[in-house]
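# A closer look at the structure
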Amino acid sequence: MNTISTFSDLWSFAYNLLISFVLFTPLYFFLNAIYHLRLSPLSSIPGPWYAAISDFWLFSHALRLQQCKTIHSLFARYGPVVRIGPNKVAFCDLSVTKNVYIAQKFDKSDYYKSLLTNNNDHAMTTLPHSEHLVRKRGYIPHYVPAHINLFQPQVHDSACDLVEMLELAGGKKSFECLNLFRHLMVDIMSMTVCGFRHGALRNLSMGIEDPLSMAVYDFPKRGVMRSVVPVWAWNLICKIPSKRWKRLCDSDRIMAEFVSARLYELRSQITAGKIQDDDEQMSLLQRLLKYRPNVASREPMSDQDIISEGMGHTIAGVDTTSATLAYILWEVSRRPDIQQRLHAELDQAMPNSRAIPDISILYRLPFLTAVVKEALRVYGAAPSLLERVVPVSTNAMNDSFDLLGYGLPPGTVVGTQSWSSHRDSIVFPSPDTFLPDRWLETHTDPSQLILMHQHLMPFGAGSRLCGGQNLAHLAIRVVIATVIRNFDIVSPPETNDSSMSIKDAFVIFPASMRCNLKFIPRQD
Ligand code: HEM
């Protein structure tokens, strides 16, 4: 009797629970939707209603690797301020960009935490402005032109290795350029970050898989997966018995081991007096070993922080620069007019095709400069929403933050994307066309050029501006000048508008994930 009554109690409890769930879940969603659409302080901001009630809509576009294009189409439909999530607002306006990123320096949103390295922060993932400043002081002298340009001999060597490798093929086979330039950039980054000649490009040319280049490639995918699943599920996923999968899970560890081995080696060489700790051409690791984040205590940076910083810079530099290089060469391959003008300019500047001029000379070449600027506009490698958070108070009156007439409460996530500022048709007529001439003083009047430069922000804006932009410019100019001086670039049929159409996952890449190109040696 007792057992029967316990069983029926349990049954009726479960039944009531189920009924409540069935009734209350839609009610919860309904009330939640009403709140976001009618009562939330963001409810007056234009945008699609389905974006306002849940983050799922935006997330689905991020999963389809088309967040930039989607947000851009919302600006076209709703104007310069759009609500893209229950608590997220995108804007496309120069004055607000200056206010948020330069004047008020809003903190970053926790979106960036998916990029943690070695389970630890580095400059890009340090969200509060004040903490970030301490990080930035440590690395910034490394990238000023006077210092980073000291690495020109190594960048030139890498570019010449690349030319040799392409020449050996004699124009008979095509090269997958994303992979090619990833290996090249891994070599350049390992020189500037660790002071170590890694040899990724050499490995590639000999058909040997390069674990570091593979780890850099896998790292962002690992970061995204790692941030969307709970720890227990991640630990389980990493046990899937597949060699390729295991390497993806281990990408963070592989990079951490590489950088920490260099750090410990460097320290022991300094202790043994084999390396001066004030070398003129100092690597980033060497600089960070000397850095004292706390001016009062003079405590050095912890090894873990130095390793994460070194890893963060490597990841930030490799895929961005290699995607830019690949897209420039693809554009050149399908535009004989551009290729011809580059050849003419470079033949003059580089009479000896293997003697790469100083970067100051490359900066003075007007057409090369115009091509690089136009490439950073159309194919800027990180054109995505740069998320920031409205702080507790942005003015003395403790009012909400005024975004073009809309009041945003503290905690609202706001952001702009260079994808859209680079495609403003008033500033850049025919925005989808690759037109290097628009950057030439002989073609465009000075006031328009000023406006164009104000809207060009491939490296972000304000205090969180890309740390490595001078290195990116150095690598891009040297590699493009050397490759184009030595080869005619041809795209095979599989490399076309559709295969190269842009997908974005913070950094851009072609839809086919490949950029095959042929390099036909030029006759001098
Ligand atoms: C064409 C190549 C590159 C592009 C388009 C690019 C773009 C960007 C952008 C847009 C940001 C800002 C992110 C934000 O505000 O949320 C950024 C940050 C950063 N980039 Fe780059 N980047 C490139 C190459 C490099 C290279 C070669 C390095 C080498 C070290 C580098 C290191 C960094 C670092 C350290 C940050 C974080 C800065 C900070 O918050 O202090 N980037 N990059």
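Computed from a predicted structure; not experimentally measured.

### A few points about the pattern of salt bridges
With the rule as written, the count across this model stands at 23 salt bridges. For aspartate 157, the salt bridge goes to arginine 197, with nearest N and O atoms at 3.5 Å. Residue aspartate 157 is located in helix H8 (residues 152–168), and its partner arginine 197 is located in the loop between helix H9 (177–194) and helix H10 (200–205); the two are separated by 40 residues in the primary sequence. Judged by relative accessible area, aspartate 157 falls into the partly exposed class, the value being 35%. One network of salt bridges, in which partners are shared, links Lys246, Asp250, Arg253 and Glu257.

### Thoughts on the domain arrangement of the protein
Interface size is commonly expressed as the accessible surface area that is lost when the partners come together. Domain assignment breaks the protein into domain 1 (1–39) and domain 2 (42–521). Here the C-alpha centre of domain 2 lies 49 Å away from the C-alpha centre of domain 1. Facing 6 residues of domain 1, the contacting portion of domain 2 comprises 6 residues. Summed over both partners, the interface of domain 1 with domain 2 buries about 460 Å², with 61% contributed by carbon and sulfur atoms. Its largest share of buried area at the contact with domain 2, domain 1 owes to Ala33, His36 and Leu37, together 86% of the area lost on that side. There are 0 salt bridges connecting domain 1 and domain 2.

### What about the environment of phenylalanine 258?
Note that phenylalanine 258 resides in helix H14 (residues 251–271). Classification of phenylalanine 258 as buried rests on a relative accessible area of 14%. Taking the C-alpha atoms as reference points, phenylalanine 258 and glycine 312, separated by 54 residues in sequence, lie 13 Å from one another. Those residues in contact with phenylalanine 258 that sit more than four places away from it in its chain are Ser190, Cys194, Phe196, His198 and Leu212.

### As for the site of the ligand
Near the ligand, the surroundings consist of 27 residues, among which Tyr112, His132, Tyr139, Arg388 and Cys466 are the closest. A distance of 3.4 Å separates an oxygen atom of the ligand from a polar atom in the side chain of lysine 108. At a separation of 2.8 Å, an oxygen atom of the ligand approaches a polar side-chain atom of arginine 388. Broken down by element, the shell around the ligand gets its largest block of residues, 6 residues, from helix H16 (residues 303–333).

### Structural notes on the pairing of strand E2 (residues 88–91)
Every regular strand shows the same layout, with side chains that alternate between the two sheet faces. Alternating positions in E2 separate into two faces, Lys88 and Ala90 on one and Val89 and Phe91 on the other, with burial throughout. Counting the residues that bridge the hairpin from strand E1 (residues 81–85) to E2 gives 2 residues. As judged from the 3 bridges shared by E2 and strand E8 (residues 413–415), these two strands associate in the parallel manner. The residue bridging alanine 90 from the neighbouring strand is glycine 415, located in E8.

### Re the UniProt feature "transmembrane region" (unreviewed entry) in the protein
Using the residue numbers shown here, the UniProt feature "transmembrane region" (unreviewed entry) corresponds to residues 12–31. Between the first and last C-alpha atoms of residues 12–31 the distance is 28 Å; the span itself is 100% helix and 0% strand.

### Comments concerning the sheet that holds strand E12 (residues 516–521)
What holds strands together in a sheet is hydrogen bonding between their backbones, with the strands either parallel or antiparallel. Ordered in space as E4-E12-E9, the 3 strands form an open sheet in which the pairing is antiparallel. Looking at which strands have only one partner, the edges of the open sheet turn out to be strand E4 (174–176) and strand E9 (487–490). Across this sheet, the average inter-strand angle for adjacent strands is 35°, counted without regard to direction. Contacts from H8 reach E4, E9 and E12 within the one sheet, and its direction differs from that of E9 by about 70°.

### Description of the coordination of the iron atom of the ligand
One donor from the polypeptide reaches the iron atom of the ligand: Cys466 (SG), at 2.3 Å. Inspection of the secondary structure puts cysteine 466 in the loop between helix H21 (446–455) and helix H22 (469–486).

### Examining the pairing of strand E11 (residues 507–510)
Relative to E11, strand E10 (residues 502–505) runs antiparallel, the two sharing 4 bridges. Bridge assignment links aspartate 504 to a residue of E11, and that residue is isoleucine 508. Counted along the chain from E10 to the antiparallel partner E11, the turn is 1 residue long, and its residue phenylalanine 506 has a positive phi close to 70°.

### With respect to H14
Between its terminal C-alpha atoms H14 stretches 31 Å, which fits the 30 Å expected from 21 residues at 1.5 Å a residue. What H14 keeps buried is the set Ser251, Asp252, Met255, Ala256, Phe258, Val259, Ser260, Arg262, Leu263 and Leu266. Elements that come into contact with the buried residues of H14 comprise H9, helix H11 (211–228), helix H13 (243–249), helix H15 (284–290) and H16. Glycine 273 lies just past H14 and shows a positive phi near 75°.

### Focus on H22
Owing to its 3.6 residues per turn, the α-helix aligns residues three or four sequence positions apart on the same side. Given a rise of 1.5 Å per residue, 18 residues ought to cover 26 Å, and the 26 Å separating the end C-alpha atoms of H22 matches this to within 8%. In terms of residue burial, H22 counts as a mostly covered element, since 16 of its 18 residues are buried.

### Considerations on the side chain of serine 499
Tracing the backbone shows serine 499 in the loop between E9 and E10. By relative accessible area, which is 8% here, serine 499 ends up buried. Within polar-contact distance, the side chain of serine 499 engages the backbone oxygen of glutamate 494 at 3.2 Å. Setting aside residues up to four positions removed in sequence, serine 499 forms contacts with Glu494, Pro510, Ala511 and Ser512.

### What to know about the packing of aromatic side chains
Two aromatic rings are characterised by how far apart their centres lie and by the angle between their planes. Tallied over the entire structure, the rule returns 16 aromatic pairs. Pairing tyrosine 327 with tyrosine 379 gives two aromatic rings, centres 4.6 Å apart and planes at 10°, and the pair type is stacked. Pair noted here: tyrosine 327 is in helix H16 and tyrosine 379 is in the loop between helix H19 (366–378) and strand E5 (388–389), with a separation of 52 residues, a long-range link. Grouping residues by exposure puts tyrosine 327 and tyrosine 379 together as buried. A network of ring pairs unites the aromatic residues Tyr327, Trp330, Tyr379 and Phe434 as a single cluster. Seen from the ring of tyrosine 217, lysine 221 lies directly overhead, with NZ or CZ sitting 3.6 Å from the centre. When the ring centre of phenylalanine 258 is taken as reference, the NZ or CZ atom of arginine 262 above it lies at 4.8 Å.

The rules behind these values
Residues numbered from 1 in each chain as written. Predicted model: local features only at pLDDT ≥ 70, side-chain atom pairs only at ≥ 80, totals over all residues. Heavy atoms only, no water. Salt bridge = Lys/Arg side-chain N within 4 Å of Asp/Glu carboxyl O. Helix = DSSP H or I, 4+ residues; strand = E, 2+ residues; numbered from the N terminus. Buried < 20%, exposed > 50% of the residue type's maximum accessible area, 1.4 Å probe, protein only. Domains from an automatic or database assignment. Contact = heavy atoms within 4.5 Å. Buried area = accessible area lost by both parts, 1.4 Å probe. Near = heavy atom within 4 Å. Polar contact = N/O pair within 3.5 Å; in protein donor to acceptor, adjacent residues only side chain to side chain. Pairing = 2+ DSSP bridges. UniProt positions renumbered as here; feature names shortened; annotations may be inferred. Axes fitted to C-alpha atoms, helices over the stretch in contact; angles between N-to-C directions. Donors = N, O, S within 2.8 Å, 3.2 Å for Na, K, Ca; no water. Expected span 1.5 Å × (residues − 1). Phe/Tyr/Trp six-rings, centres within 6.5 Å; stacked < 30°, edge-to-face > 60°. Lys NZ or Arg CZ within 6 Å of the ring centre and 35° of its normal.

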